[in-house]
Amino acid sequence: MAVKPQKGVRSVEEFKTQLHRHGLKATRPRIAVHTVMMDLVHASPDQVVERFREAGVKVTVASVYNILSELSDNHIYARRLSAAGKMFFDAIPESHVHLYDRENHTYRDVVDEELSAIVEEHLGRRKFKGYSIEDIDIQFVVRPTKRKK
Ligand SMILES: [Zn+2]
């Protein structure tokens, strides 16, 4: 089954290359999780498990969580902490701007290089005593304007 990755997400082949680069084996569970993430892009472990269940595949939340965490520890994925306090994972590890829908618990990537550049430029001059900036995570928390029926 060939799945086309969403924009910015690595294909299975590119994902395998990434795994090898980090000394990780391209195991079937890792490939299966990435195949789901190629479509979801941003997801909580529960949402990934839901996709597997729909396809008739039995997996535990813990095993999916472990795979997603391991990928994030190796910067192949990234962690996104939602406004609801839920841990989400992002198949695109590079820093980018997000819209987080607090009602539907979904993320959308926002392409706004100007905003990222402004923030980075501003922070280039900014110092937080006792800390160094490791990452910039810009997230707009939004609510849908139209009610879903
Ligand atoms: Zn994202």
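Here the structure is a predicted model, which is why all the values come from computation and not from measurement.

**Q** Give me the nonpolar core: which residues, what numbers.
**A** Among the nonpolar cores identified, the biggest contains 16 residues, and Val33, Met37, Ala43, Val48, Val64, Leu68 and Tyr77 are the most heavily contacted of them. Among the elements of the structure, helix H2 (28-40), helix H3 (45-54), helix H4 (61-73) and strand S3 (87-90) are those that each provide at least two residues to this core. Each residue touching Ala43, except ones within four places of it in the same chain, is listed here: Met37, Val48, Phe88 and Phe89.

**Q** Explain the sheet that holds strand S4 (residues 97-101) residue by residue, including any values.
**A** Spatial strand order, S5-S4-S6: 3 strands in an open sheet with mixed pairing. In this open sheet, the two edge strands, each paired with only one partner strand, are strand S5 (106-110) and strand S6 (139-142). In this sheet, neighbouring strand axes are inclined to one another by 25° on average, regardless of whether the strands run parallel or antiparallel. Direction of pairing for S4 relative to S5: antiparallel, over a ladder of 5 bridges. Counted as the bridge partner of Asp101 is Thr106 from S5.

**Q** Kindly report on the sheet that holds strand S2 (residues 78-81), identifying the contributing residues and their values.
**A** Strand order across the open sheet formed by 3 strands is S1-S3-S2, with antiparallel pairing between neighbours. Strand pairing shows two members of the sheet lacking a second neighbour, strand S1 (42-43) and S2, which therefore form its edges. Pairing of S1 with S3 involves 2 bridges; the strand directions are antiparallel. Along S3, the bridge assignment pairs His42 with Asp90.

**Q** Before we move on, can you summarise unusual backbone geometry with the specific residues and values?
**A** The backbone phi angle of Val41 is positive, close to 65°, even though this residue is not glycine. With respect to the helices and strands, Val41 occurs in the loop between H2 and S1. Judged by the 19 C-beta atoms lying within 10 Å of it, Val41 is partly exposed. With a phi angle near 55°, His105 is a residue other than glycine that sits in the positive phi range. When you line up the elements, His105 lands in the loop between S4 and S5. Looking at His105, the number of C-beta atoms within 10 Å reads 17, which means it is partly exposed.

How each quantity is defined
Residues numbered from 1 in each chain as written. Predicted model: local features only at pLDDT ≥ 70, side-chain atom pairs only at ≥ 80, totals over all residues. Core = buried A, V, L, I, M, F, W, Y, C linked by C-beta atoms within 7 Å. Buried ≥ 20, exposed ≤ 12 C-beta atoms within 10 Å, placed from the backbone. Helix = DSSP H or I, 4+ residues; strand = E, 2+ residues; numbered from the N terminus. Contact = placed C-beta atoms within 7 Å. Pairing = 2+ DSSP bridges. Axes fitted to C-alpha atoms, helices over the stretch in contact; angles between N-to-C directions.

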